[in-house]
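Chain and residue survey
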Amino acid sequence: MSSNQRTTRPITTGTSVVGLVYDGGVLLAADTLLSYGSMAKSFNTPRLYSIEDRILVGASGEYSDLQEIIAKVKALALEESTTSSMESIYVERKLPAKSLWNYLRAVMYQKRSKQNPYWNDVVVAGYDEQTSKPFLGTIDKLGTTLQENLVATGFGAYLAMPLLREKWRPDLNEGEARALLEDCMKVLFYRDCRASARIQLAKCTSEGCIVSEPYDLDHSSGWNAPSMVRATGDLDGDRGS
Amino acid sequence: MALPFKGGVVVCADSRTSTGSYVANRVSDKLVQLSDNIYACRSGSAADTQALTDYVHYYLNSWSLDTGRQPTVKTAAHLMRRLIYNNKDQLQAGVIIAGWDAVHGGSVYTITLGGSCLELPFATGGSGSIFVAGLLDAEFRQEMTQEEARTLAKKACAHAMTRDGSSGGVIRTVAISSEGVDRDYTPGNELPFGPSAPF
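Residues numbered from 1 in each chain as written. Chains lettered and ligands numbered in written order. Predicted model: local features only at pLDDT ≥ 70, side-chain atom pairs only at ≥ 80, totals over all residues. Heavy atoms only, no water.

Quick word on the overall build of chain A
The number of helices and strands found in chain A is 6 helices and 14 strands. Along the three orthogonal principal directions, the C-alpha set of chain A runs to about 80 × 55 × 25 Å. The buried share among the 241 residues of chain A stands at 48%. Of all intrachain contacts in chain A linking residues separated by at least 6 positions in sequence, the fraction that spans at least 24 positions is 62%. Summed over its atoms, the accessible surface of chain A is roughly 12100 Å², and 48% of this surface lies on carbon and sulfur atoms. (Helix = DSSP H or I, 4+ residues; strand = E, 2+ residues; numbered from the N terminus. Buried < 20%, exposed > 50% of the residue type's maximum accessible area, 1.4 Å probe, protein only. Contact = heavy atoms within 4.5 Å. Areas by Shrake-Rupley, 256 points an atom, 1.4 Å probe, with all protein chains shown as cover.)

This is how it looks when you write it as structure tokens:
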């Protein structure tokens, strides 16, 4: 009889994933830092994946569990696209993002029910051809699902969501959506110990998905306010901060 | 960290104060002036080290008034050591005392968590210091110029800030010598290395 193993704490982790629906699609952002406790282990680790060029999946939390989830998702997508069924011979039907989201819900809930969760907050995004509407949803490690116009996992839930709620409109264009996400990622870089300034953007529209290469945010204006430069530790300051 | 050079000492620190994973202050000043030519580098609990440096600053000021002289770095270090040793159960403070005085020139002392006081050729502290121990062992030399010491300190600090999640922000340095103190500020977008490694 084998002993029961279970995940009790995450070891190698990725931080926030942030996303929003804009006019014509959905945009996700995540940094590319992989942390090992407080150590920055790797600086170019993508956490946003494009499945069949049509669905985006990303997650924060334990990286090994994300790799497992992506392997399962890719296997499912491959099976859906290559296995014949009566419907698919006559009607070309591709795996909808919402169906993948529900599949992952079932996966996460089953693991949670065995006291051995995938330690992740997963984001699923896509474009529903039937309704011509972008799709954006999340699943947490307990299997809780939410479908929203604005999502943020990890620290993003505290720091990015207020910014998103303040600035979001349903008729944002892609440029405005990108600027809003970059602003969120910049704030996360400033205030999250486990975040970096190198990020990755992923977009999904009716034309399909694109995942960008990692690139560095421009934070040159964030360090030169006089109150920041001023030395508070000197005798004429308050000698500590 | 504190790196001596010919004629003085360079002290250098990052600027991140964190509460768990949240950055409470991304532009902190961890280099505290205890007297005209003596600085302390604070690491560990911000509250504890702020209280300790306030005390030592006060005692050194009283000492100067009593003796009419500038205090020595050794005096400052041993004052700090006494406070930490006698309260070791309550405190979590790692402090480096460095500066210049007319008696011994430039000197560097480190006071550990338990209250041991060590005079060292150079000193590092804080969670990020483990990532640059090898770098400094390889590149530190005695009798560097002020510029060389400053450049090495910023380089090591930048590397620590890249790899340690509890370190980050800007780099502050102070060069202390017989001529006085000279502060330097390196913004977070102009670090010699980082904030992410280029590979």
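We are not done yet, so read on.
Structural notes on the pairing of strand β8 (residues 120-128) of chain A
All names here are of chain A. With 7 of 9 residues buried, β8 lies mostly within the body of the structure. Relative to β8, strand β7 (residues 55-62) runs antiparallel, the two being bridged by 7 bridges. The partner of Ser60 across the bridge, within β8, is Asp121. Linking β8 back to strand β9 (residues 133-139) in an antiparallel pair, the connection comprises 4 residues, with Ser132 at a positive phi of about 55°. (Pairing = 2+ DSSP bridges.)

Some points on the nonpolar core
Residue and element names in this part refer to chain A. In terms of nonpolar packing, the biggest core is built from 25 residues, with Ile55, Val57, Leu104, Val122 and Val124 touching the most fellow members. Where this core is concerned, the elements lending two or more residues are β6 (48-51), β7, α1 (63-82), α3 (97-113), β8 and β9. No other element matches α1, which puts 7 residues into this core. Once residues lying within four places of it in the same chain are set aside, the contact partners of Val124 are Ile55, Leu56, Ala97, Trp101, Leu104, Phe135, Leu136, Gly137 and Ile139. (Core = buried A, V, L, I, M, F, W, Y, C linked by side-chain atoms within 4.5 Å.)

Some remarks on the environment of Ser212 of chain A
Residues and elements named next belong to chain A. For Ser212, the location among the structural elements is in the loop between β13 (208-211) and β14 (215-216). In this structure Ser212 comes out as partly exposed when scored by relative accessible area, which is 22%. The spatial distance from the C-alpha of Ser212 to the C-alpha of Ala29 is 9.7 Å, given a sequence separation of 183 residues. When sequence neighbours within four positions are dropped, the list of residues in contact with Ser212 reads Gln200 and Leu201.

Structural notes on the interface of chain A and chain B
Each partner contributes residues to the interface: chain A has 33 residues there, and chain B has 44 residues. The interface formed by chain A and chain B includes 1 salt bridge. A salt bridge links Asp234 of chain A to Arg183 of chain B; its shortest N-O distance comes to 2.9 Å. At the junction of chain A with chain B, the criterion picks out 18 residue pairs in polar contact (both at pLDDT 80 or more). Secondary-structure elements contributing two or more residues to the side of chain A that touches chain B are β5 (39-42), α5 (174-191) and α6 (226-229) of chain A. Among the elements that line the side of chain A that touches chain B, the one with the most residues is β5 of chain A, at 4 residues. (Salt bridge = Lys/Arg side-chain N within 4 Å of Asp/Glu carboxyl O. Polar contact = N/O pair within 3.5 Å; in protein donor to acceptor, adjacent residues only side chain to side chain.)

Description of the side chain of Gln200 of chain A
All names here are of chain A. Within the secondary structure layout, Gln200 lies in strand β12 (residues 198-205). Of the polar contacts made by the side chain of Gln200, one reaches the backbone nitrogen of Leu48; its length is 3.5 Å. Those residues within four positions of Gln200 in sequence are excluded, and the remaining contacts are Leu28, Ala29, Ala30, Thr32, Pro46, Arg47, Leu48, Val211 and Ser212.

Concerning the packing of aromatic side chains
All names here are of chain A. Following the criterion strictly, the structure yields 6 aromatic pairs over all chains and no others. Where Trp101 meets Phe135, the ring centres are 5.2 Å apart and the plane angle is 65°; that geometry is what we call edge-to-face. Of this pair, Trp101 sits in helix α3 while Phe135 sits in strand β9, and the two are 34 residues apart along the sequence. The class of Phe135 is buried, set by a relative accessible area of 4%. (Phe/Tyr/Trp six-rings, centres within 6.5 Å; stacked < 30°, edge-to-face > 60°.)

Points about the sheet that holds strand β8 (residues 105-111) of chain B
All names here are of chain B. Spatial ordering of the open sheet is given by β5-β6-β7-β8-β9, a layout of 5 strands whose pairing is antiparallel. Each end of this open sheet is capped by a strand with a single partner; those strands are β5 (31-35) and β9 (117-119). The sheet shows a mean angle of 25° between the axes of neighbouring strands, taken without regard to direction. Where strand β6 (residues 38-44) and strand β7 (residues 93-101) come together, 7 bridges link them in antiparallel fashion. (Axes fitted to C-alpha atoms, helices over the stretch in contact; angles between N-to-C directions.)

Focus: α3 of chain A
All names here are of chain A. If you check α3, its first and last C-alpha atoms are 24 Å apart, about what 17 residues at 1.5 Å a residue would give, namely 24 Å. All of the buried residues along α3 are Ala97, Leu100, Trp101, Leu104, Val107, Met108 and Lys111. Taken around the axis of α3, the buried residues stretch over an arc of 120°, which confines them to a single face. Buried residues along α3 sit in contact with β7, α1, β8, β9 and β10 (145-147). (Expected span 1.5 Å × (residues − 1). Arc of directions from axis to C-beta.)

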